[in-house]
Amino acid sequence: MIFEGIGRTFSTVNERQYATIGAFWDELSAKYGLENLRGLGYGWTAHSIEYVIGLKNGRIDGANRAVELPDDGWVSVRGRTERLGQIYGEIYKDGRLKYEIECFTDEGDCEIRFLR
């Protein structure tokens with residue numbers, strides 16, 4: 001599968017990525033609507049993460065990244081967005097990820113798909 005969207009590199013120093021990726025989501029949600037988007041995290045280093053936001057259906061304006069992803073082997077976890085930190089705590093207790101895809105609803109639900 002190809003994940004296409006608008007990509008940016010975010011610093012992970014002092015867990016800065018949570019605020020900056022959140023602002024990125026806010027920026028694109030204002031234009032496209034939260035439920036129409038999905039976000040891809042990948043390419044972690046000691047100091048950064050690559051993150052791409054694209055549409056669930058169709059091509060987002062200004063797309064500058066296309067990431068080829070495996071079709072199989074994904075694990076899906078659903079929960080409430082306010083518990084996102086706890087959800088990720090459970091996911092990461094078994095080790096690092098290669099990819100994560102996040103989706104959110106206006107009602108406060110989230111789905112995280114990940115691949116190790």
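1. Here's the deal with the overall build of the protein chain
Here comes step 1: Helix and strand content of the protein chain: 2 helices and 7 strands.
Here comes step 2: Counted from the first residue to the last, the protein chain has its helices and strands arranged as β-α-β-β-β-β-α-β-β.
Here comes step 3: Rg of the C-alpha trace for the protein chain: 13 Å, near the compact-globule value of 13 Å for 116 residues, within the 12% margin.
Here comes step 4: Once the C-alpha set of the protein chain is aligned to its principal axes, its extents read approximately 35 × 30 × 30 Å.
Here comes step 5: Every one of the 116 residues in the protein chain was classed for burial, and the buried ones make up 43%.
Here comes step 6: Put simply, 65% of the contacts in the protein chain that link residues at least 6 apart link residues at least 24 apart.
Here comes step 7: When the accessible surface of the protein chain is totalled, it reaches about 6,600 Å², and 48% of it is carbon and sulfur.
Here comes step 8: Measuring between centres, the 15 positive side-chain charges of the protein chain sit 3 Å from its 19 negative side-chain charges.

2. Quick notes on the layout of surface pockets
Here comes step 1: Put simply, the largest pocket is a space of about 680 Å³.
Here comes step 2: If you go around the largest pocket, you meet 24 residues; those closest to its centre are Gln-17, Tyr-18, Tyr-88, Glu-100 and Glu-102.
Here comes step 3: For the lining of the largest pocket, the secondary structure elements donating two or more residues are helix 1 (17-32), strand 3 (48-55), helix 2 (84-92) and strand 6 (99-104).
Here comes step 4: Here the element with the most residues in the lining of the largest pocket is helix 1; it accounts for 7 residues.

3. Some thoughts on the environment of Thr-45
Here comes step 1: Within the secondary structure layout, Thr-45 lies in the loop between strand 2 (37-42) and strand 3.
Here comes step 2: Here Thr-45 falls in the partly exposed class, since its relative accessible area comes to 45%.
Here comes step 3: For the pair formed by Thr-45 and Lys-93, sequence separation is 48 residues and the distance between their alpha carbons is 18 Å.

4. Digging into helix 1
Here comes step 1: Here helix 1 is 16 residues long and its end C-alpha atoms lie 22 Å apart, about the 22 Å a rise of 1.5 Å per residue gives.
Here comes step 2: Among the residues of helix 1, those classed as buried are Gln-17, Ile-21, Phe-24, Trp-25, Leu-28, Ser-29 and Tyr-32. Down the axis of helix 1, the buried set is contained in an arc of 130°. They therefore lie on one face. Opposite its buried face, helix 1 presents the exposed residues Ala-19, Asp-26 and Ala-30, each directed more than 90 degrees away.
Here comes step 3: Contact partners of the buried residues in helix 1: strand 1 (2-11), strand 2, strand 3 and strand 6.

What counts and how
- Residues numbered from 1 in each chain as written.
- Predicted model: local features only at pLDDT ≥ 70, side-chain atom pairs only at ≥ 80, totals over all residues.
- Heavy atoms only, no water.
- Helix = DSSP H or I, 4+ residues; strand = E, 2+ residues; numbered from the N terminus.
- Rg over C-alpha atoms; globule rule 2.2 N^0.38 Å.
- Buried < 20%, exposed > 50% of the residue type's maximum accessible area, 1.4 Å probe, protein only.
- Contact = heavy atoms within 4.5 Å.
- Areas by Shrake-Rupley, 256 points an atom, 1.4 Å probe, with all protein chains shown as cover.
- Lys, Arg positive; Asp, Glu negative; His and termini not counted.
- Charge placed at Lys NZ, Arg CZ, Asp CG, Glu CD.
- 1 Å grid on protein atoms, 1.4 Å probe; cavity = no way out; pocket = protein on both sides within 12 Å on 5 of 7 lines; lining within 4 Å.
- Points joined across faces, edges and corners; volume = space filled by probe spheres on them.
- Expected span 1.5 Å × (residues − 1).
- Arc of directions from axis to C-beta.

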